[in-house]
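Chains, contacts and geometry: an overview
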Amino acid sequence: EAAAAIDAALALSIDDPALLQARAEIALLQGRLDAARDYATRSHAAGPKVGPLCRRQQETQVQVALAQALQGDATAGARAEAAAAASDACTVTPPT
């Protein structure tokens, strides 16, 4: 149901980063790893490069890569490390 509702919303607003990220997280829960990675990538391309949504996008990439590593993908570990490092870049440094 949730996936269908978000798909309907995406039909109206195809590049909404929050909707794309929500869809990525649902795809991840459904075990649709390639779709989860694609939605998170699209969300990051269309959305903010700092803040909570950015961190969610990168964490989705980490979780997808870790799941793919468990499935035997030899390059997934490096992708997980790169996404974890990119997540650090999403943090806004407070003013001093």
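A short tour of the structure in this document, coming up. None of the values given here were measured: they were computed from a predicted structure.

Quick notes on the rules
Here the residue numbers are simple positions, counted from 1 along each chain's written sequence. Given that the model is predicted, a residue must reach a pLDDT of at least 70 before its local features are reported, and side-chain atom pairs must reach 80 or more before they are shown or counted; all residues, however, enter totals for whole chains, interfaces and linings. Note that the side-chain values use all heavy atoms of the structure and ignore hydrogens as well as water. Here a salt bridge means any side-chain nitrogen of Lys or Arg lying within 4 Å of a carboxyl oxygen belonging to Asp or Glu. Only DSSP runs of H or I with at least four residues qualify as helices, and only runs of E with at least two residues qualify as strands; both kinds are numbered from the N terminus onward. Our working definition of a disulfide is a cysteine sulfur pair at a distance within 2.5 Å. To sort residues, take the accessible area from a 1.4 Å probe on protein chains only and compare it with the maximum for the residue type: under 20% means buried, over 50% means exposed, and anything in between is partly exposed. Here the expected span of a helix is defined as 1.5 Å times the quantity of residues minus one. By the convention used here, residues are in contact when the closest approach between their heavy atoms is within 4.5 Å. The nonpolar core is taken to be a set of buried Ala, Val, Leu, Ile, Met, Phe, Trp, Tyr and Cys residues, with the residues joined through side-chain atoms within 4.5 Å.

**Some details on the pattern of salt bridges**
For side chains of opposite charge, pairing can occur when their charged atoms come near one another. With the rule as written, the count across this model stands at four salt bridges. A salt bridge links D7 to R23, with the shortest nitrogen-to-oxygen separation between them at 2.7 Å. Of the two residues, D7 sits in helix α1 (residues 2-12) while R23 sits in helix α2 (residues 17-29), which places them 16 residues apart along the sequence. With a shortest N-O distance of 3.3 Å, R37 and D34 are connected by a salt bridge. Of the two residues, R37 and D34 both sit in helix α3 (residues 33-46), three residues apart, roughly one turn of that helix.

**Description of the state of the cysteines**
All told, the structure shown has one disulfide when counted by the stated rule. Note that C54 is cross-linked by a disulfide to C90, the S-S spacing being 1.9 Å. In this structure the cystine formed by C54 and C90 twists about its S-S bond by roughly -55 degrees; its chirality is therefore left-handed. Of this pair, C54 sits in helix α4 (residues 52-70) while C90 sits in the segment after α5 (76-89), and the two are 36 residues apart along the sequence. Classification of C54 as buried rests on a relative accessible area of 1%. Residue classification places C90 among the buried residues on the basis of a relative accessible area of 1%.

**Comments concerning α4**
In a regular helix each residue adds 1.5 Å, so 19 residues correspond to 27 Å; α4 covers 27 Å between its end C-alpha atoms and thus fits that length. Taken together, the buried positions of α4 are L53, C54, Q57, Q58, T60, Q61, V62, V64, A65 and Q68. Elements that come into contact with the buried residues of α4 comprise α2, α3 and α5. Within two residues after α4, G72 carries a phi angle of roughly 100 degrees, on the positive side.

**Focus: the nonpolar core**
Side chains of nonpolar character tend, in soluble globular proteins, to be buried together. If you look at the biggest cluster of nonpolar residues, it comprises 14 residues, and the most contacted ones within it are I6, L10, A27 and Y39. Going through the elements one at a time, α1, α2 and α3 are the ones with two or more residues in this core.

**Remarks on α2**
Under the 1.5 Å per step criterion, the end-to-end length of α2 is 18 Å for 13 residues, consistent within 8% with the ideal 18 Å. Every buried residue belonging to α2 is among P17, L20, Q21, A22, R23, A24, I26 and A27, and all of these are buried. Considering only its buried residues, α2 is in contact with α1, α3 and α4. Where α2 ends, the next residue or the one after it, G31, has phi of about 80 degrees, a positive value.

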